[in-house]
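In case you want the letters, here they are:
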Amino acid sequence: MLPTLVLVGRPNVGKSTLFNRLTATRDALVHDLPGMTRDRHYGRGRIGGKPYLVVDTGGLEPVAKEGIMAEMARQTLQAIDEADAIIFMVDARSGLTPQDKVIADRLRRASCPVLLAVNKAEGMNRAVVTAEFHELALGEPLAISGAHGDGISDLVDEALAPFPEEEE
Ligand code: GDP
Ligand code: MG
């Protein structure tokens, strides 16, 4: 079984952009695997000698505005269920939001590792953009840019650290 990295975060933080980058080396969307729900995107990728499965939880956007919190909660709990590591994405440009805090509260109950990725940080000072996110108490926030590729290999290396390299 490939280790499964699940991308979690409120709408617009950049999950799908990062998903595309993480799966760019392999175009196979594994939507035909049995038992996978339809409201998520699954793809495969590899960094160094380590292959992984990555899940974008934003496949189903909530239909009604009042449904956003409930929908995020549902998707977050589902993500916790299937993840070997969770990449929780927040947005450096909009800063810490109440929705981020709701998601963080749920992720703190996850039994797998949670990495906190501060996205859209290209061209910004790492220490400055990550500072306010320490409050979420999910470990050291990592500044990344899914669009530009900054910090991505460090992020994935850390997420995959517990998993072995693929055998020849
Ligand atoms: P999602 O709703 O979480 O899947 O977010 P998307 O991947 O659809 O991205 C939402 C918006 O943020 C789009 O306009 C993206 O172009 C933009 N975006 C995503 N990643 C980055 C990034 O690293 N830097 C910047 N500046 N914008 C980004
Ligand atoms: Mg999306």
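Residues numbered from 1 in each chain as written. Chains lettered and ligands numbered in written order. Predicted model: local features only at pLDDT ≥ 70, side-chain atom pairs only at ≥ 80, totals over all residues. Heavy atoms only, no water.

## Some details on the pattern of salt bridges
And then number 1: As enumerated under the stated definition, the model contains five salt bridges in all.
And then number 2: Among the salt bridges present, the one from D100 reaches R10, with a minimum N-O distance of 3.1 Å. One end of the pair, D100, is in helix 3 (residues 98-107); the other, R10, is in the loop between strand 1 (4-8) and helix 1 (15-22), with 90 residues separating them in the sequence.
And then number 3: Judged by its relative accessible area of 0%, D100 falls in the buried class.
And then number 4: For R10, a relative accessible area of 9% corresponds to the buried category.
And then number 5: Across the pair K101 and E135 runs a salt bridge whose closest N-O atoms are separated by 3.3 Å. Taken together, the residues K101 in helix 3 and E135 in the loop between helix 4 (126-131) and strand 6 (142-143) connect sequence positions 34 residues apart. (Salt bridge = Lys/Arg side-chain N within 4 Å of Asp/Glu carboxyl O. Helix = DSSP H or I, 4+ residues; strand = E, 2+ residues; numbered from the N terminus. Buried < 20%, exposed > 50% of the residue type's maximum accessible area, 1.4 Å probe, protein only.)

## Observations regarding the side chain of S145
And then number 1: Checked against the element boundaries, S145 lands in the loop between strand 6 and helix 5 (152-160).
And then number 2: Within the structure, S145 has its side chain in polar contact with the side chain of E122 (distance 2.9 Å).
And then number 3: A distance of 3.1 Å separates a polar atom in the side chain of S145 from the backbone nitrogen of H148.
And then number 4: Those residues in contact with S145, other than ones at most four positions away along the chain, are N119, K120, A121, E122, D150 and I152. (Polar contact = N/O pair within 3.5 Å; in protein donor to acceptor, adjacent residues only side chain to side chain. Contact = heavy atoms within 4.5 Å.)

## Things to note about the pairing of strand 1
And then number 1: The element strand 1 is extensively covered by neighbouring structure, given that five of its five residues are classed as buried.
And then number 2: What you see with strand 1 is no split at all: T4, V6 and V8 on one side and L5 and L7 on the other are buried throughout.
And then number 3: Two elements, strand 1 and strand 3 (residues 50-56), share four bridges in a ladder whose sense is parallel. Across the sheet, L5 pairs through a bridge with V54, a residue of strand 3.
And then number 4: The pairing of strand 1 with strand 4 (residues 85-91) spans four bridges and is parallel. Its bridge partner being in strand 4, L7 is matched across the sheet by I87. (Pairing = 2+ DSSP bridges.)

## Here's the deal with the site of ligand 1
And then number 1: Taken together, 14 residues lie around ligand 1, and N12, K15, S16, T17 and E122 are the ones closest in.
And then number 2: A distance of 3.0 Å is found between an oxygen atom of ligand 1 and a backbone nitrogen or oxygen belonging to A147.
And then number 3: Calculation on ligand 1 without its partners gives an accessible area of 580 Å², and the protein chains cover 69% of this total.
And then number 4: In terms of residue count, helix 1 provides more of the shell around ligand 1 than any other element does, three residues in total.
And then number 5: Residues of the shell around ligand 1, tallied by class, amount to three nonpolar, seven polar and four charged. (Near = heavy atom within 4 Å. Areas by Shrake-Rupley, 256 points an atom, 1.4 Å probe, with all protein chains shown as cover. Nonpolar A, V, L, I, M, F, W, Y, C, P; charged D, E, K, R; others polar.)

Distances and angles like these do not, on their own, reveal function.
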